[in-house]
Amino acid sequence: MTPRTGTRLVVRTLTALTAAALAVVGTAAVPAAAVGVTSGSVAQYRVEDDAAVFEDRILQLLNADRRDKGLRPLARTVELDAVARSWSAQMAREDSMYHNPRYTQQLPSGWTRAGENVAMGYTTPENMYQGWYNSPGHYKNMFNPEFTHIGIGVAYARGNGMVIPYGTQNFGTYTGRSLTQTPAAAAAQRVAPQPGPVPGDDGASTRRIDDGGIGGAGREFHLANGFTGRADHVFGYGNAGGRFYVGDWDGDGTDTLAYRIGNVFYFRSTNSSGGATQVVSYGRPGDRVYVGDWDGDGTDTLAVRRGKVYHVKNSISGGAADRVIAYGREGDDVLVGDWNGDGTDTLAVRRGRTYHVKNSMAGGPADQVVHYGRPGDDVYVGDWDGDGRDSFTVRRDRTYFIANAIRGGNADRALVYGRSRDTTLVGDWDGDGVDTLGIRR
């Protein structure tokens, strides 16, 4: 129903959860501390018990998807937040979900179009957002190209040790009126167009190269500093179709990104939008490229692979390799990590679910041979517990099975993160000595 009031259009989208959807959630009330793990998978019901974090994440998800669809991001404002938070608080007090019959009167004056979404019972911002996304009426509000501003409010109904989140989104179209932008809105707009020209390569020069780089598509990155399932850095960088690489290029302890066009590498020293801070040519356009700290100086550099021969460079520069070694077989799947904690990265080759790990940059037999996961798993390398030693994680759909040591057996931890179609990155994004996940969209 879209009643008109003068020249102003009101869009009111009804309940975010139907009875069937509530049945999927299980019950609307979820224990605040419930984080059950069963048979290697993470339970779906973790309450994000921080309203500000909950709200910020919903904004982040929404504006990222609006950009993907070619729409401008919505500006989150203090005035619309106040309306949304007040209504979520009222629903939580009454422990009942329904629309605010007076929200159009409570919004700041000057709007020409308005809308509202409400929800209850979703225990994470990702789940609440997905519930709205999957509902045609709520989706229409979130991706209406005419809306310019948004307010987001989350509140909790509590009792008997149970927590039920209630959420409200208020949308408005404002032209010629200045509203007060929230800090979260400014943070959400970090995914800005890259200043200066992006080199005109859509990824064709590297798309078919199978190496240690990150494939997939998109120039938007969501990086998490912990294992909460929530991104802490969201920004755009590089070209949407090319290959990306993760490394500590300047030795400051923080991993950042580089992308590649042929044999030219565009390095960025911070996890933010902007131009490359260093541009270097190395190797040949068709080379496979791997990243590691080959000499233990704290700085990651490149190695190019041709068959079973590796041309290792110990600085971010062009010119001849500093070292050339042969290891493994030409068809091996190669992984890079510091397997023994000596501060130097070396190679491991994967054949199915068997890993042949080498603790020195030299030829010869492996120092350790282990079995982990399944032959078809996607495998990632990182120091997941900050002990200085890298180990393996396997991904199946959206679930990551993390092992904190080079060994077989069960995972030490399971984590659900991102979407099934996301491309995965691994890095130490905040310099705390622990590697965590990121995704590329």
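Residues numbered from 1 in each chain as written. Predicted model: local features only at pLDDT ≥ 70, side-chain atom pairs only at ≥ 80, totals over all residues. Heavy atoms only, no water.

**Q** Quick question: what am I supposed to make of the overall build of the chain here?
**A** Along the chain, the regular secondary structure elements total seven helices and 29 strands. Buried positions account for 53% of the 441 residues belonging to the chain. Of the contacts formed within the chain by residues at least 6 apart in sequence, a portion of 57% connects residues at least 24 apart. (Helix = DSSP H or I, 4+ residues; strand = E, 2+ residues; numbered from the N terminus. Buried < 20%, exposed > 50% of the residue type's maximum accessible area, 1.4 Å probe, protein only. Contact = heavy atoms within 4.5 Å.)

**Q** Whenever I open this one, the sheet that holds strand β18 (residues 309–312) confuses me. Can you help?
**A** Within a sheet, adjacent strands bond to each other through the backbone by hydrogen bonds, running parallel or antiparallel. In spatial order, the strands read β16-β17-β18-β19; together these four strands make up an open sheet with antiparallel pairing. On the outer flanks of this sheet lie β16 (288–292) and β19 (323–326), each paired with one strand and no other. The mean inter-strand angle of the sheet, taken between neighbouring strand axes irrespective of direction, is 25 degrees. Across four bridges, the pairing between strand β17 (residues 301–306) and β18 is antiparallel. (Pairing = 2+ DSSP bridges. Axes fitted to C-alpha atoms, helices over the stretch in contact; angles between N-to-C directions.)

**Q** Would you explain the confidence of the model for the chain in this entry?
**A** If pLDDT is low for a region, its predicted coordinates should not be looked at in detail. Taken as a whole, the chain shows an average pLDDT of 82; of its residues, 84% reach a score of 70 or greater. Taken element by element, the chain is modelled with least confidence in strand β4 (residues 37–38), mean pLDDT 22, and with most confidence in β16, mean pLDDT 96. The low-confidence segment residues 1–46 (pLDDT under 50) makes 100 contacts with residues lying over four places distant or belonging to another chain. Ignoring residues within four places in sequence, the model shows residues 187–198, a span with pLDDT below 50, making 33 contacts including any to other chains. (pLDDT = per-residue confidence, 0-100.)

**Q** Explain the packing of aromatic side chains here, please?
**A** The geometry of an aromatic ring pair comes down to the distance between the two centres and the angle between the two planes. Under the defined criterion, the tally for this structure stands at 19 aromatic pairs. Joined through ring pairs, the aromatic side chains of F221, F235, Y237, F244, Y259 and Y266 make up one cluster. (Phe/Tyr/Trp six-rings, centres within 6.5 Å; stacked < 30°, edge-to-face > 60°.)

**Q** I would appreciate a short explanation of the packing of helix α2 (residues 51–68) against helix α5 (residues 125–133) in the present structure.
**A** Between two packed helices, the angle of one axis relative to the other and the distance separating the axes together describe the packing. Close contact between α2 and α5 brings their axes to 9 Å; oriented N to C, the two are set at 45 degrees. If you check the angle between α2 and α5, you find them oblique. Like other packed secondary-structure pairs, α2 and α5 cross with a definite hand, here right-handed. Across the interface between the two elements, F54, R57, I58, L61, L62 and D65 of α2 pack against P125, E126, M128, Y129, W132 and Y133 of α5. Counted by class, the contact of α2 with α5 contains nine nonpolar, no polar and three charged residues. (Parallel < 35°, antiparallel > 145°, perpendicular 65-115°, else oblique. Left-handed = near helix turned anticlockwise from the far one by under 90°. Nonpolar A, V, L, I, M, F, W, Y, C, P; charged D, E, K, R; others polar.)

**Q** What am I meant to see in the sheet that holds strand β27 (residues 413–416) here?
**A** Pairing in this open sheet of four strands is antiparallel, and the strands run β24-β25-β26-β27 from one edge to the other. One side of each edge strand has no neighbouring strand; the edge strands of this open sheet are β24 (378–382) and β27. Averaged over all pairs of adjacent strands, the angle between their axes in this sheet comes to 25 degrees, without regard to strand direction. The sheet contact formed by β24 and strand β25 (residues 391–396) spans five bridges and is antiparallel.

**Q** Please explain α2 as it appears in this structure.
**A** Three- or four-residue spacings in an α-helix give side chains the same orientation, since the helix completes a turn every 3.6 residues. Taking 1.5 Å as the rise per residue, α2 with 18 residues should run 26 Å; its terminal C-alpha atoms sit 26 Å apart, in good agreement. At the exit of α2 stands G70, carrying a positive phi of roughly 80 degrees. (Expected span 1.5 Å × (residues − 1).)

**Q** In this structure, what is going on with unusual backbone geometry? I would like to understand it.
**A** Generally, phi is negative for residues other than glycine and the peptide bonds are trans, each holding for most cases. Even without being glycine, D95 reaches a positive phi, approximately 50 degrees. Relative to the helices and strands, D95 is located in the loop between α3 (78–94) and α4 (103–106). Even without a glycine there, the phi angle at D397 is positive, about 60 degrees.

**Q** I would appreciate a short explanation of the environment of S281 in the present structure.
**A** Of note, S281 is situated in strand β15 (residues 278–281). Between the C-alpha atom of S281 and that of I316, which follows or precedes it by 35 residues, the distance is 9.2 Å. Residues contacting S281, with those up to four places away along its chain left out, are N263, V264, S317 and G318.

**Q** Teacher, can you tell me more about the pairing of β16 here?
**A** In regular strands, side chains alternate between the two faces of the sheet. Counting buried positions along β16 yields four of five residues, so the element is predominantly enclosed. Pairing of β16 with β17, which is carried by five bridges, proceeds in the antiparallel orientation. Considered in β17, the bridge of R288 is made with R305.

**Q** Teacher, can you tell me more about α5 here?
**A** All of the buried residues along α5 are P125, E126, M128, Y129, G131 and W132. Among the structural elements, α2, β7 (111–120), α6 (136–142) and β9 (162–174) are those in contact with the buried residues of α5.

**Q** How should I be thinking about the environment of G427 in this particular structure?
**A** Within the secondary structure, G427 is located in strand β28 (residues 423–427). As for G427 and D248, which are separated by 179 residues in sequence, their C-alpha atoms are 8.9 Å apart. Beyond its immediate chain neighbours, meaning those up to four positions away, G427 contacts V246, D255, V434, D435 and T436.

**Q** Help me understand the pattern of salt bridges in this model?
**A** Here the idea is simple: oppositely charged side chains can pair when their charged atoms come close. Summed over all chains, the structure comprises 16 salt bridges. Between D287 and R306 there is a salt bridge; the shortest N-O distance is 2.8 Å. One end of the pair, D287, is in the loop between β15 and β16; the other, R306, is in strand β17, and 19 residues separate them in sequence. By relative accessible area, which is 26% here, R306 ends up partly exposed. Put simply, E55, D56, R76, D81 and R85 are held in one network by salt bridges that share partners. (Salt bridge = Lys/Arg side-chain N within 4 Å of Asp/Glu carboxyl O.)

**Q** Sorry, what's going on with the pairing of strand β29 (residues 436–440) here?
**A** With five of five residues buried, β29 is to be regarded as a mostly interior element. Burial along β29 is two-sided: T436, G438 and R440 and L437 and I439, pointing in opposite directions, are all buried. Relative to β29, strand β10 (residues 220–223) runs antiparallel, the two sharing three bridges. Across the sheet, the residue bridging to F221 is R440, located in β29. As paired strands, β28 and β29 are joined by five bridges and run antiparallel to one another. Counterpart to V426 in the pairing with β29 is L437.

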